[in-house]
Amino acid sequence: MFEDDGYALDTLAVRAGQTRSDEGEHSEALYLTSSYVFPSAAEAAARFSGENPGNVYSRYTNPTVRMFEQRMAALEGGEAAVATSSGMAAILSLCMALLKSGDKVICSRSVFGTTTALFTRYMQKFGVRVSFVDLTDRQQWQDALDGDTKLLFLETPSNPLCEVVDIRAMADLAHSAGALLVVDNCFCTPALQRPLALGADIVVHSATKYLDGQGRCVGGVAVGKKDIMDELVIFLRTAGPSMSPFNAWVFLKGLETLKLRMEAHCRNALALAFWLDEQDAVEKVNYAGLPKHPGHLLAAEQQHMFGGVLSFAVRGGREAAWKVIDACKIFSVTANLGDAKSTIVHPATTTHGRLSDEDKARAGITENLIRVSAGLEDFGDLQSDLARGLALL
Ligand SMILES: *Cc1c(COP(=O)(O)O)cnc(C)c1O
């Protein structure tokens, strides 16, 4: 068992959480097993009753999944982590474990679309009240707070406009009302931002994105205090959205290169942002790495770098945006992000396509907006790929 001796993030990303079997394998072992054999009937009874620790069934525990959980807890600086079958399963699990009818959730308007749908379609159906507020409008959060508020939920930087909010101030606000602050840290990963150290109570991730980093597996994780995570574990054991051991093994391998990859993603995104900002065919670039971005100073303070995702508005409307997208030969046209492969998407007709025109306008999702996730390809090649389309406008 690897002991965390206060090591730096780069060391933890490679080493934390690893246990070795008697075989002495160097790389983390993949325990592809649904169940476990007990040495005796008495031991089986003791494991089932919880009297003895140890594995019973992989819906409950699995050594490979546990290694991933412990590595994520170390990277985010939390007491414990719980791995789930997807990012949405992590968010669902924390809702099911922590909320009851009559409770209230306050959620940023600028969160992943399916997160919004989970709160509105399902949590409200079970009597949980949900208010949506503008991420950076502190007064709206304040006004929505009441004695029943249990969770404040946000992403920073936001998608696709890269708005940034002060995590420490939001944590103070949540705690002033006895609520918990949940931060979806999918866009930054612990390599760029550690919300728990800034006062957040729970971090959730879609491991599908940067934690995997190569677009192979779907998974999620929640990190926080042990007593809160224990509640999630009980829900997971009962309801079953646990992480597959195979996916946990892929994520463990992904985490080993997390810091290197994130820095390379950020360098490409920053260079693209500066270059796009100078193009005549581009009206506006949304990226907190640009000094004129309203969240620049805050992002510089609370993040290690500015992230791999940016968006930009081209001169013209939907047709112009589609032209730029269709001219790409390298960028993959897909809504996914956080992949070694750069991706490009038109939010107004894909990720945010189901919003009403009014909600789109409020969220800043204009018809001329394009979002890119900078991959690990050569910057000059990515630049030429976008330049081809921009030259058509
Ligand atoms: C993709 C994503 C999710 C959902 O994760 P899945 O693994 O697809 O279930 C949640 N939050 C953010 C910010 C995401 O990008």
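Calculation notes
Residues numbered from 1 in each chain as written. Predicted model: local features only at pLDDT ≥ 70, side-chain atom pairs only at ≥ 80, totals over all residues. Heavy atoms only, no water. Helix = DSSP H or I, 4+ residues; strand = E, 2+ residues; numbered from the N terminus. Buried < 20%, exposed > 50% of the residue type's maximum accessible area, 1.4 Å probe, protein only. Polar contact = N/O pair within 3.5 Å; in protein donor to acceptor, adjacent residues only side chain to side chain. Contact = heavy atoms within 4.5 Å. Salt bridge = Lys/Arg side-chain N within 4 Å of Asp/Glu carboxyl O. Expected span 1.5 Å × (residues − 1). Arc of directions from axis to C-beta. Core = buried A, V, L, I, M, F, W, Y, C linked by side-chain atoms within 4.5 Å. Domains from an automatic or database assignment. Buried area = accessible area lost by both parts, 1.4 Å probe.

Mapped onto the secondary structure, S86 falls in the loop between strand 1 (80–84) and helix 4 (87–98). For S86, a relative accessible area of 18% corresponds to the buried category. A distance of 3.0 Å separates the side chain of S86 from the backbone nitrogen of A89, its partner in a polar contact. With residues near it in sequence (within four places) discarded, S86 still touches V218, G219 and G220.

What follows deals with the pattern of salt bridges. In total, this model carries 18 salt bridges according to the counting rule given. Note that K104 and D146 form a salt bridge whose closest N and O atoms lie 4.0 Å from each other. Taken together, the residues span a long stretch of sequence, with K104 in strand 2 (residues 104–108) and D146 in the loop between helix 6 (138–144) and strand 4 (149–155) at a distance of 42 residues. A single salt-bridge network, built from bridges that share partners, covers E28, R71, K253 and E256.

Between its first and last C-alpha atoms helix 15 (residues 379–390) spans 16 Å; for 12 residues at 1.5 Å apiece the expected length is 16 Å, and the two agree. The set of residues buried in helix 15 consists of L382, D385, L386, G389 and L390. One side of helix 15 carries all its buried residues, which in axial view fall inside an arc of 135°. On its buried face, helix 15 sits against helix 11 (258–277), strand 8 (282–286), strand 9 (309–314), helix 13 (318–326) and strand 11 (343–345). Where helix 15 begins, the capping side chain belongs to D378, and its oxygen is found 3.0 Å from the backbone nitrogen of G380.

So, about the nonpolar core. Core analysis: the biggest nonpolar cluster contains 38 residues, and F68, M72, L75, L211, V221, M243 and L255 have the highest contact counts within it. If you list the elements that add at least two residues to this core, you get helix 1 (9–15), helix 3 (63–76), strand 1, helix 8 (189–192), strand 7 (220–224), helix 10 (245–256) and helix 11. Ranked by residue count, the leading element in this core is helix 3, at 7 residues. Both of domain 1 (9–30 + 62–255) and domain 2 (259–390) provide at least three residues apiece to this core. Each residue touching F68, except ones within four places of it in the same chain, is listed here: A83, A207, G220, V221, M243, A248, F251, L252 and L255. Judged by nonpolar contacts, the second largest core, of 30 residues, contains V164, F306, A321 and L382.

In this section: the domain arrangement of the chain. The extent of an interface is frequently quoted as the accessible surface area lost upon association of the parts. Under the domain assignment used here, the chain contains domain 1 (9–30 + 62–255) and domain 2 (259–390). Once you take the C-alpha centre of each, domain 1 and domain 2 turn out to be 24 Å apart. Counting residues at the interface gives 30 residues for domain 1 and 35 residues for domain 2. For the pairing of domain 1 and domain 2, the buried interface totals around 2,700 Å² over both sides, and the portion due to carbon and sulfur atoms is 58%. By the criterion of area lost to domain 2, the three top residues of domain 1 are P160, L192 and Y210, representing 27% of everything that side buries. With a shortest N-O distance of 3.2 Å, D10 and K259 are connected by a salt bridge.

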